[in-house]
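This is what each chain is made of:
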Amino acid sequence: MVMAKIDEEALAEAYNRALAHEKAGEIDAAVEAYKQVLEIDPEDHGGAAVRIASMGRGEAPPKAPDAYVETLFDQHAESFEDILVEQLGYAVPVLVRQRLQELKLGPFKRMLDLGCGTGLTGGTLRDMVDDITGLDISENMVEIAHEKDLYETLYVAEVEDFLEDNDDEPFDLITATDVLPYLGALEPLFFGAAENMVAGGLFIFSSESLPEDDERTYTVGPHQRFMHSPAYIRTRLADTGFELVEMSDINVRMQDGNPSPGHLVIAKLKG
């Protein structure tokens, strides 16, 4: 497949113009500029579609564009942990460990760490699992995870594609601790997890939550991250063969000094 060459100068000009309009609160002009960005770069490395949705225009896409997520994390791989843990107060992997211990779940034979990043979740659960496979769309992230020697196997792949194509042995634990903020529709993820799991296996993930009074299933929030309704998550889990073990209220991270309310979900595959 021949990659179409992107006019980088035109792209940068349109993107910077869009950001300036957005910052000034000129929504119509910003949306128009982001549409120009999409015309120049249909793969959407800059996440223009997500930004349009975050301003309340257009439908929320079913997921963030792969090129955008890959670019975002490749750029931030080196400083990722410092930003996430130190600045944004991200502690979801530790919460996962606490819940597993309190519910007396584990140890586990085979774990699949979806969106493993630099290995925060793999490292936190390392002593509870015999064999851990990690995957992330960002090659730079996977390289850092590899250097830590936490995983038996590592893949550079998009989550939904991997789950669809994978024919490794099934897993008894699948984690996705910062994956849902980049996905809107959850069927492919949940169905894919079920397909790669032993009966009775656990699926643990975090989500950022829509306010109680918001009737939508999911939307893109002001920080270009997807937010899901707890009711939608429950329904989709049930549809794909999971039973809910627990859904706890958590603060996923701090954003501009404010907590991002969300949920930590533990589900069990029926069998």
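Here's a quick rundown of the structure. (Residues numbered from 1 in each chain as written. Predicted model: local features only at pLDDT ≥ 70, side-chain atom pairs only at ≥ 80, totals over all residues. Heavy atoms only, no water.)

## With respect to the nonpolar core
1) Next: If you look at the biggest cluster of nonpolar residues, it comprises 69 residues, and the most contacted ones within it are L114, L189, F203, F205, I233, L237 and F242.
2) Next: When neighbours within four sequence positions are excluded, F242 is seen to be in contact with F190, A193, A194, M197, F203, L237, A267, K268, L269 and K270.
3) Next: In this structure, Y15, V31, I52 and M55 belong to the second largest nonpolar core, which totals 12 residues. (Core = buried A, V, L, I, M, F, W, Y, C linked by side-chain atoms within 4.5 Å. Buried < 20%, exposed > 50% of the residue type's maximum accessible area, 1.4 Å probe, protein only. Contact = heavy atoms within 4.5 Å.)

## Observations concerning the sheet that holds strand β3 (residues 153-156)
1) Next: Spatial ordering of the open sheet is given by β3-β2-β1-β4-β5-β9-β8, a layout of seven strands whose pairing is mixed. Each edge of the open sheet carries a strand with a single partner, namely β3 and β8 (242-255). Averaged over all pairs of adjacent strands, the angle between strand axes in this sheet comes to 15°, irrespective of strand direction.
2) Next: In the sheet, strand β4 (residues 171-176) pairs with strand β5 (residues 197-208) via five bridges, with the strands oriented parallel. Residue pairing for β5: L173 is matched across the bridge by L202.
3) Next: Each of β1 (108-114), β4, β5, β8 and β9 (258-269) touches helix α10 (residues 187-195); the most contacted strand, β5, lies at about 150° to it. (Pairing = 2+ DSSP bridges. Helix = DSSP H or I, 4+ residues; strand = E, 2+ residues; numbered from the N terminus. Axes fitted to C-alpha atoms, helices over the stretch in contact; angles between N-to-C directions.)

## Details of the side chain of T177
1) Next: As for its position among the elements, T177 is in the loop between β4 and α10.
2) Next: A polar contact is formed between the side chain of T177 and the side chain of T121, at a distance of 2.8 Å. (Polar contact = N/O pair within 3.5 Å; in protein donor to acceptor, adjacent residues only side chain to side chain.)

## Concerning the side chain of N166
1) Next: One can find N166 in the loop between α9 (159-165) and β4.
2) Next: Engagement of the side chain of N166 in a polar contact is seen with the backbone nitrogen of D168, the distance being 3.1 Å.
3) Next: Excluding anything up to four places from it in sequence, N166 contacts F171 and N196.

## Focus: the pattern of salt bridges
1) Next: According to the stated counting rule, one finds 18 salt bridges in the structure shown.
2) Next: A salt bridge links D28 to R57, with the nearest nitrogen and oxygen atoms 2.6 Å apart. Of this pair, D28 sits in helix α2 (residues 27-40) while R57 sits in the loop between α3 (48-54) and α4 (66-76), and the two are 29 residues apart along the sequence.
3) Next: Residue classification places D28 among the exposed positions, given a relative accessible area of 52%.
4) Next: Residues joined by salt bridges that share partners form a network here, namely K63, D66, E158 and E160. (Salt bridge = Lys/Arg side-chain N within 4 Å of Asp/Glu carboxyl O.)

## What to know about the packing of aromatic side chains
How two aromatic rings sit relative to each other is set out by the distance from centre to centre and by the angle between their planes.
1) Next: A full pass over the atoms with the stated rule returns 10 aromatic pairs.
2) Next: Summarising the aromatic geometry, the rings of F203 and F242 are spaced 5.5 Å apart at their centres and angled 40° between planes, so their arrangement reads as tilted. Of this pair, F203 sits in strand β5 while F242 sits in strand β8, and the two are 39 residues apart along the sequence.
3) Next: Overall, the relative accessible area of 0% leaves F203 in the buried class.
4) Next: The class of F242 is buried, set by a relative accessible area of 2%.
5) Next: Seen in terms of ring centroids, Y218 and Y232 are 6.0 Å apart; in terms of plane orientation they differ by 45°. Their pairing is tilted. Highlighted residues: Y218 in strand β6 (residues 218-220) and Y232 in helix α11 (residues 230-239), separated in sequence by 14 residues.
6) Next: A residue is classified by how much of its surface remains accessible, and Y218, at 18% relative accessible area, is buried. (Phe/Tyr/Trp six-rings, centres within 6.5 Å; stacked < 30°, edge-to-face > 60°.)

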